[in-house]
Amino acid sequence: MSTFEIRRLEAEPGTLAQLSELLVEVVAQGGSVSFMHPLPVQEASTFWSLALAAAARGERAVLGAWTGQRLVGTVTLLLDTPPNQPHRAEIAKMMTRVSQRGQGVAAALLREAEALAQVRGKTLLVLDTASDGGAAGLYRKLGYTLAGEIPDYALKPHGGLSGTLIFWKRLPGSAGEERASTE
Ligand SMILES: CC(C)(COP(=O)(O)OP(=O)(O)OC[C@H]1O[C@@H](n2cnc3c(N)ncnc32)[C@H](O)[C@@H]1OP(=O)(O)O)[C@@H](O)C(=O)NCCC(=O)NCCS
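Colleague: Where do I start with the site of the ligand in this structure?
Modeller: Looking at the ligand, there are 20 residues lining it, with Met94, Thr96, Gly102, Gly104 and Ala107 nearest. Within the contact set of the ligand, an oxygen atom lies 2.8 Å away from a backbone nitrogen or oxygen of glycine 104. Between alanine 106 and the ligand, the recorded distance is 3.0 Å, taken from a backbone N or O atom to an oxygen atom. Contact with the protein chains removes 70% of the 900 Å² of surface that the ligand exposes when unbound. When residues of the shell around the ligand are traced back to their parent elements, those giving at least two are strand S4 (88-96), helix H3 (105-119), strand S5 (124-130) and helix H4 (136-141).

And the structure:
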């Protein structure tokens, strides 16, 4: 098992190139992360450029897992919620390099995103994942609750529709959890 380090990512050329390569690889392998296969690397690069610019404005945090100089996984914490949902954040763009899967990279990224969300005063996380070939098992293992499924929600990267599963999780110490424990 390889060791890895998790860091917040910034708009540096090397980082942008590795994020783009990772996204292209994950989409090609069938990962449902909003894009269709084949994904041109320039399109991936434009997506990450905009994402990292949003991160620089504090609207999101893009976390990366590194093995040495190699980016092996990423997750995004979306922080830019409407004025009536300041306590909520969203998990998105979770992906691990095919060669590094099954070694705890995604779980570590998710835990780090949760810790960061708490620091930012967030008490509720939501996310969605494809019903067909998504990561529901990962989220269940990390304590997320299934809210429900929307059928035929999106195209899979190689075509054909998949539903989406909506998950949520209260973060420890949140008002809702305290309320629940005193009921
Ligand atoms: C889903 C994904 C990010 C998991 O990455 P990973 O680094 O291999 O995951 P981890 O090794 O941290 O897995 C942690 C645990 O979750 C489980 N798990 C991970 N992915 C799972 C899946 N798709 N289904 C069921 N269980 C899963 C693992 O078995 C592991 O359990 P264990 O601790 O009992 O061994 C990776 O498979 C991926 O990039 N998929 C394509 C993109 C995608 O679908 N992303 C999710 C979008 S919402």
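Now that the structure has been shown, we can carry on.
Colleague: What am I meant to see in the side chain of glutamine 100 here?
Modeller: Note on placement: glutamine 100 falls in the loop between S4 and H3. Setting aside its immediate chain neighbours within four residues, glutamine 100 contacts Ser2, Thr67, Arg70, Val72 and Val105.

Colleague: For this particular structure, what's the right way to read the packing of aromatic side chains?
Modeller: Given two aromatic rings, their pairing is described by the distance between the two centres and the angle made by the two planes. Following the criterion strictly, the structure yields four aromatic pairs and no others. Aromatic side chains phenylalanine 35 and phenylalanine 47 sit 5.4 Å apart centroid to centroid with 75 degrees between the ring planes, which places their arrangement in the edge-to-face category. Pair noted here: phenylalanine 35 is in the loop between helix H1 (13-28) and helix H2 (41-56) and phenylalanine 47 is in helix H2, with a separation of twelve residues, a long-range link. Each residue in the set Phe35, Phe47 and Trp48 is aromatic and connected to the rest through ring pairs, giving one cluster.

Colleague: Hey, could you run me through the sheet that holds strand S1 (residues 5-8) in this one?
Modeller: With respect to topology, seven strands assemble into an open sheet ordered S1-S2-S3-S4-S5-S7-S6, the strand pairing being mixed. If you trace the sheet from one side to the other, it starts and ends with S1 and strand S6 (145-155), each paired once. Within this sheet the neighbouring strands show an average axis-to-axis angle of 25 degrees, counted without direction. The sheet contact formed by strand S3 (residues 70-78) and S4 spans five bridges and is antiparallel. The residue bridging glycine 73 from the neighbouring strand is threonine 96, located in S4. Contacts from H2 reach strand S2 (60-67), S3 and S4, with the element oriented near 115 degrees to S2. On the sheet, H3 packs against S1, S2, S3, S4, S5 and strand S7 (161-170) and is oriented at approximately 35 degrees with respect to S3.

Colleague: Hey, could you run me through the confidence of the model for the chain in this one?
Modeller: Close inspection of predicted coordinates is inappropriate for parts of the model with low pLDDT. Per-chain confidence: the chain averages 94 in pLDDT, with 93% of residues scoring 70 or above. Predicted confidence is poor over residues 175-183, with pLDDT under 50, and the contacts of this stretch with residues over four places away or in other chains come to five contacts.

Colleague: Explain the nonpolar core here, please?
Modeller: Side chains of a nonpolar character, in soluble globular proteins, are inclined to be buried together. Core analysis: the largest hydrophobic core is formed by 27 residues, its most contacted members being Leu77, Ile91, Leu125 and Tyr144. Residue assignment for this core shows that the elements contributing at least two residues are S2, S3, S4, H3, S5, H4 and S7. By residue number, the principal contributor to this core is H3, which donates eight residues. With sequence-adjacent residues up to four places away left out, isoleucine 91 is seen in contact with Val75, Thr76, Leu77, Leu110, Ala113, Leu125, Val126, Leu127 and Tyr144. Formed by 20 residues, the second largest nonpolar core is a distinct cluster that contains Leu19, Leu23, Phe35 and Ala44.

Criteria and thresholds
Residues numbered from 1 in each chain as written. Predicted model: local features only at pLDDT ≥ 70, side-chain atom pairs only at ≥ 80, totals over all residues. Heavy atoms only, no water. Near = heavy atom within 4 Å. Polar contact = N/O pair within 3.5 Å; in protein donor to acceptor, adjacent residues only side chain to side chain. Areas by Shrake-Rupley, 256 points an atom, 1.4 Å probe, with all protein chains shown as cover. Helix = DSSP H or I, 4+ residues; strand = E, 2+ residues; numbered from the N terminus. Contact = heavy atoms within 4.5 Å. Phe/Tyr/Trp six-rings, centres within 6.5 Å; stacked < 30°, edge-to-face > 60°. Pairing = 2+ DSSP bridges. Axes fitted to C-alpha atoms, helices over the stretch in contact; angles between N-to-C directions. pLDDT = per-residue confidence, 0-100. Core = buried A, V, L, I, M, F, W, Y, C linked by side-chain atoms within 4.5 Å. Buried < 20%, exposed > 50% of the residue type's maximum accessible area, 1.4 Å probe, protein only.

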